[in-house]
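Listed below are the residues making up each chain.
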Amino acid sequence: MERFRAALTHLIRYHNEADNFLSTIVTGDESWCYDYEPETRRQSLQWKHLNSPPPKAKAIISAVYIVDFRNHGESPRSDEYTIDALKGDVEEFLLDHKLPKVILVGHSLGGKVAMQLAVEKPDMVEKLIIEDSTPRNFISGGGKYMSLVMNMAFELEKIMPTGVDRQTANQFFVEMALQFRSELKLSEETIRNYDPDLLPVKWKGDTYAITINIPAVAKALMNDTLQQNLPGTYEGEVLLIYGGKSQFKVGSDPLILKYFPKLKKIEFEDAGHFIHNSYPQQFIQDVVYFINHGTPCPAKY
């Protein structure tokens, strides 16, 4: 009877005090447990009662793969450089690594390839995240800008100093980019703060080496062989992150909604083509939030 009275007293207190009552318990010879599977160590330490809501599920990403296209980085060089060829390379990579379904993130040309794969192989793409890219072909969508970048890289490769330290080489990058500031539509501050590790170059002891097959990429841009041909729509969740000052004018392009009807947008008004470099923390926050919730992060930049 005493146990009953004590239990009833506790239940009445819990009814009146809710979870605050649990903080008053120091120890006891019995435990009342709410059985659930904690996903984190912090959750496993939390008090739970029968009516407690289940813990919110967290998105768990077991691995992140960053793929260099052919003619980029240390991937093989090839004269065949088309959207279909690049899409085939990514598809082959996923199959080789036994990745049946992935969250695909693509920037610029990578965004175009990601869109192509999502439309043609929707069962392989759980969600799609595109950074400053649309299905328009490159010439009408900023190809002249990309050609300028390729020409800069070509000239840089010829005049890059050797036998210097990395700081000197970085300064050389900056001074050259400043000469093309108006064409690149970048502020002096952005250029001076740009991280050379994000450029298609690799430090090799006493100089930088260009990691792009410049002739193949430039030829594809000038001959307009990177045209996009989407055969249908992708009905999955899509996030488009774009820069308000990008040369590609992604935000005003209605074509992307034709192929991705569930697309959601986030604009970085003061960013150009490289949002991930201009606003790295906010960019990561938006990507992670979309992966977890399927909607854009409510923050405004």
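Anyway, here's the lowdown on the structure attached to this text. (Residues numbered from 1 in each chain as written. Predicted model: local features only at pLDDT ≥ 70, side-chain atom pairs only at ≥ 80, totals over all residues. Heavy atoms only, no water.)

1. Overview of the packing of aromatic side chains
Part 1: On inspection of all chains with the given rule, the structure shows 5 aromatic pairs.
Part 2: On the numbers, 5.6 Å between centres and 75 degrees between planes, the contact of Y65 with F93 is edge-to-face. Of this pair, Y65 sits in the loop between α2 (41-44) and α3 (83-96) while F93 sits in helix α3; the two residues are 28 residues apart in sequence, bridging distant segments of the chain.
Part 3: Ring geometry for F268 and Y279: centres 5.3 Å apart, planes at 45 degrees, overall tilted. Remark: Y279 occurs in the loop between α11 (275-278) and α12 (280-293) and F268 occurs in strand β6 (residues 263-268); sequence separation between them is 11 residues.
Part 4: Residue class for F268 comes out buried when judged on its relative accessible area of 1%.
Part 5: Above the face of the F290 ring, K127 is positioned so that its terminal group lies 5.7 Å from the ring centre. (Phe/Tyr/Trp six-rings, centres within 6.5 Å; stacked < 30°, edge-to-face > 60°. Helix = DSSP H or I, 4+ residues; strand = E, 2+ residues; numbered from the N terminus. Buried < 20%, exposed > 50% of the residue type's maximum accessible area, 1.4 Å probe, protein only. Lys NZ or Arg CZ within 6 Å of the ring centre and 35° of its normal.)

2. Quick look at the environment of Q171
Part 1: By secondary structure assignment, the location of Q171 is in helix α6 (residues 166-179).
Part 2: Separated by 25 residues in sequence, Q171 and P196 have C-alpha atoms that sit 9.9 Å apart.

3. A short note on the environment of I210
Part 1: Among the structural elements, I210 can be located in strand β4 (residues 208-210).
Part 2: Measuring from C-alpha to C-alpha, the distance between I210 and G73 comes to 8.6 Å, with 137 residues separating the pair along the chain.
Part 3: In this structure I210 touches A153, L156, E157, P200 and V201, once residues within four positions along its chain are discounted. (Contact = heavy atoms within 4.5 Å.)

4. Structural notes on helix α4 (residues 109-120)
Part 1: Relative to the 16 Å expected for 12 residues at 1.5 Å per residue, α4 spans 17 Å between its end C-alpha atoms, a close match to the ideal helical length.
Part 2: Within α4, 11 of the 12 residues are buried, leaving the element largely enclosed by the surrounding structure.
Part 3: Taken as a whole, α4 has its buried residues at L109, G110, G111, K112, V113, A114, M115, Q116, L117, A118 and V119.
Part 4: Packed against the buried residues of α4 are α3, β1 (102-107), β2 (125-131) and α10 (255-259). (Expected span 1.5 Å × (residues − 1).)

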